[in-house]
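Residue strings, one per chain:
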Amino acid sequence: MDQMLLKCEQPEAVLALLVTHRGVFFVHNLVTAIQVLASLDEVKDPIALNRLLRDPRYDLLLRDLVRFVPKLDFQAMTHIVHCLQQLDHKYYALFSRMLRPLMQQPCPDVSILLRCLQAYCWAGYHQQSHFFGHFANLMTDADLELEQLVEGVVLFSGTAEYQEKFFHTAEQRLLRDLPLLSPHQASLVALAFTAHLHSHDQLLEAVAGLVQLQAMSMEPADIVRCLQAFHRAVLFFPDAVRAGLDACSVPLYRAWLLRTPCPALAPTDVAELLESAAFFGIPTDLTRVALEYLADHVDAVPERAAIQTVYAMCMTGAVANHSKLLLYLFRKIGAGTAWEAQRVRVFQIWMSQLLQFPWLDARLKKRCIETGMRAWCLHRGGFGCPHPEEVREVSEELKSMGVAHQSFVHVKDTPYELDVVIGDRKAALLVSSETARNTLTPVGGTLLQIKHLQDRGWRLLVIPRVAWRRLPAVSRARYLSLLLDGLASSQQSLSASEVTRLPDPSWEE
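The rules we used
- Residues numbered from 1 in each chain as written.
- Predicted model: local features only at pLDDT ≥ 70, side-chain atom pairs only at ≥ 80, totals over all residues.
- Heavy atoms only, no water.
- Helix = DSSP H or I, 4+ residues; strand = E, 2+ residues; numbered from the N terminus.
- Buried < 20%, exposed > 50% of the residue type's maximum accessible area, 1.4 Å probe, protein only.
- Contact = heavy atoms within 4.5 Å.
- Areas by Shrake-Rupley, 256 points an atom, 1.4 Å probe, with all protein chains shown as cover.
- Pairing = 2+ DSSP bridges.
- Axes fitted to C-alpha atoms, helices over the stretch in contact; angles between N-to-C directions.
- Core = buried A, V, L, I, M, F, W, Y, C linked by side-chain atoms within 4.5 Å.
- Salt bridge = Lys/Arg side-chain N within 4 Å of Asp/Glu carboxyl O.
- 1 Å grid on protein atoms, 1.4 Å probe; cavity = no way out; pocket = protein on both sides within 12 Å on 5 of 7 lines; lining within 4 Å.
- Points joined across faces, edges and corners; volume = space filled by probe spheres on them.
- Polar contact = N/O pair within 3.5 Å; in protein donor to acceptor, adjacent residues only side chain to side chain.
- Parallel < 35°, antiparallel > 145°, perpendicular 65-115°, else oblique.
- Left-handed = near helix turned anticlockwise from the far one by under 90°.

A. Molecular detail of the overall build of the protein chain. Counting its secondary structure elements, the protein chain contains 27 helices and four strands. Across its three principal directions, the C-alpha atoms of the protein chain cover 95 × 50 × 45 Å. Burial statistics for the protein chain: of 509 residues in total, 53% are counted as buried. When contacts within the protein chain are restricted to residue pairs at least 6 apart in sequence, long-range pairs at least 24 apart make up 72% of them. Carbon and sulfur atoms form 51% of the exposed surface of the protein chain, whose accessible area is close to 23,600 Å².

And the structure:
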């Protein structure tokens, strides 16, 4: 029967054999039949594939496979789910029926296991913690090749539960063998290890060193993945980020000059670069080129990329120079469902409109504003100061030093409340937890708040909350005196890099 099936060149011939020779079919013949169907060139046509999936004889084949699942071994079940993936058919009755038998069968080879898990991830079984945990333990104990390890890391990054043992074992291996990885593999690893927001700083630091040295020879898409990983992990590697942005600006500038789509960077990638640079407060020439490029391809920008780009424009102050692009992108926010995953960011954009570009002839939808305001308040702990206990501690230290100040001062016509205002000048201290985890540099929403207040004449310095809490009580007065000296000597708000250099909160007396 297998020979007859393998000779078939049309789906109709395979389906005919399923009916005419049904009485002599063995279980392995059913597996061969679905493999042949998945390999035929005709099913690559959407119309022909739709006709096949609606054929009652094909449905009969699937029901037979469900019935004989207990007779199948691990490799046969892997072939079946892989064929369903090739046919783009998420037949959940068969996928679910094979979950427990797959866990009970011995796995013959790691490559077969990876194919099986890829098919289940494609089918959407991300929440099956016992299923993926079982095979993660098997792969942890197995002797994997480097390519298989990278593939496994990427695969388990897409599951809902963090496989701690597997990721920590993989991290030790990758730290040792990172020079053997290609830049593409290194970018996949960096993005995968930040998927569950667990700390793998040592590995990301090694990847940052790779980007810094090899950025000009890397593919722009790989650089985007690395910067996205740094952004997601809130780790600031200024040299690596600048090197990556400079490397990506070359093909983007060429595409903008020629007025053609950039083959190396999709509009979503360009938006990711803009957001990464703005999130860490890095000034770059790529911003102007990227905005000009997106203005020529604004129709290809999806909602999520529109949110990222508008946010970057608010952070960099580019809203006045690209008003037409701002209008087109602003109208996309709230048009779909992508904004629901970035509610705080959307509310920050709405505040930026009120403070930076109220002249824009477009308004956010009411549902976006109301939902975003709730998320923003939960993120900050209310409308006022997000860290009142630390602010009171700073105030007590300033009182003991004899420094005139005010606490919890509302800034007129803004939603912000300044933590500590020094004297009668427009100078203030902010206690913030939104800082880079490795450098304590202000990032994201803190930089946006500094931008809004700086436009109103305020000079600000940031006290990283984690640094303040780690600082010994006897050292806090000296730390504040150094901050006040820097605030008095500066004529305007310090940049993100200057804030953390003045002074370094990690010293001890």
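B. Just the sheet that holds strand β3 (residues 427–432), in detail. The four strands are arranged β1-β2-β3-β4 in an open sheet whose pairing can be described as mixed. The open sheet has two free edges, formed respectively by β1 (405–410) and β4 (459–464), since each of these has just one partner strand. On average, each strand axis in the sheet is inclined to that of its neighbour by 35 degrees, with strand direction left out of account. Here six bridges tie β3 to β4, and the two strands are oriented parallel to one another. Across the sheet, Ser432 pairs through a bridge with Pro464, a residue of β4. Strands β1, β2 (417–422), β3 and β4 of the sheet are contacted by helix α23 (residues 388–401), whose axis makes an angle of about 155 degrees with β1. On the sheet, helix α24 (residues 445–454) packs against β2, β3 and β4 and is oriented at approximately 160 degrees with respect to β4.

C. Inspection of the nonpolar core at higher detail. Counting residues in hydrophobic clusters, the biggest one holds 164 residues, and the most contacted among them are Tyr120 and Leu174. The residues touching Tyr120, leaving out its near neighbours within four places in the chain, are Val81, Phe95, Met98, Leu99, Leu102, Tyr125, Phe131 and Phe132.

D. Broad picture of the pattern of salt bridges. Throughout the structure, instances matching the rule amount to 16 salt bridges. Here Arg57 ties to Asp55 by a salt bridge, and the two come within 2.9 Å at their closest N and O atoms. Overall, Asp55 belongs to the buried group, its relative accessible area being 13%. In this structure, Arg476 engages Glu393 in a salt bridge whose closest nitrogen and oxygen atoms are separated by 3.3 Å. A residue pair is termed long-range when its members are at least 10 positions apart, and Arg476 in helix α26 (residues 476–489) and Glu393 in helix α23 qualify at 83 residues. The class for Glu393 is partly exposed, based on a relative accessible area of 34%. When salt bridges that share partners are traced, they join Glu12, Asp55 and Arg57 into one network.

E. Spotlight on empty space enclosed by the protein. As enumerated under the stated definition, the model contains one cavity of 30 Å³ or more in all. Of the voids in this model, the largest cavity is the one considered here, and its volume is about 40 Å³. Every residue lining the largest cavity is listed: Leu18, Arg22, Phe25, Leu30, Leu60, Leu61 and Asp64. Top element by residues in the lining of the largest cavity is helix α5 (residues 56–67). It accounts for three residues.

F. Region of the structure containing the side chain of Gln356. Tracing the backbone shows Gln356 in helix α21 (residues 343–356). From its side chain, Gln356 meets the backbone oxygen of Cys314 in a polar contact 3.2 Å long. At 3.0 Å, the side chain of Gln356 and the side chain of His452 are in polar contact.

G. How the structure looks around the packing of helix α19 (residues 303–316) against helix α20 (residues 323–330). Running from amino to carboxyl end, α19 crosses α20 at an angle of 140 degrees, the nearest separation of the two axes being 9 Å. Relative to α20, the element α19 is oriented oblique. The two elements α19 and α20 cross, and the hand of that crossing is left-handed. Between α19 and α20, the contacting residues are Ala306, Thr309, Val310 and Met313 on the first element and Leu326, Leu329 and Phe330 on the second.

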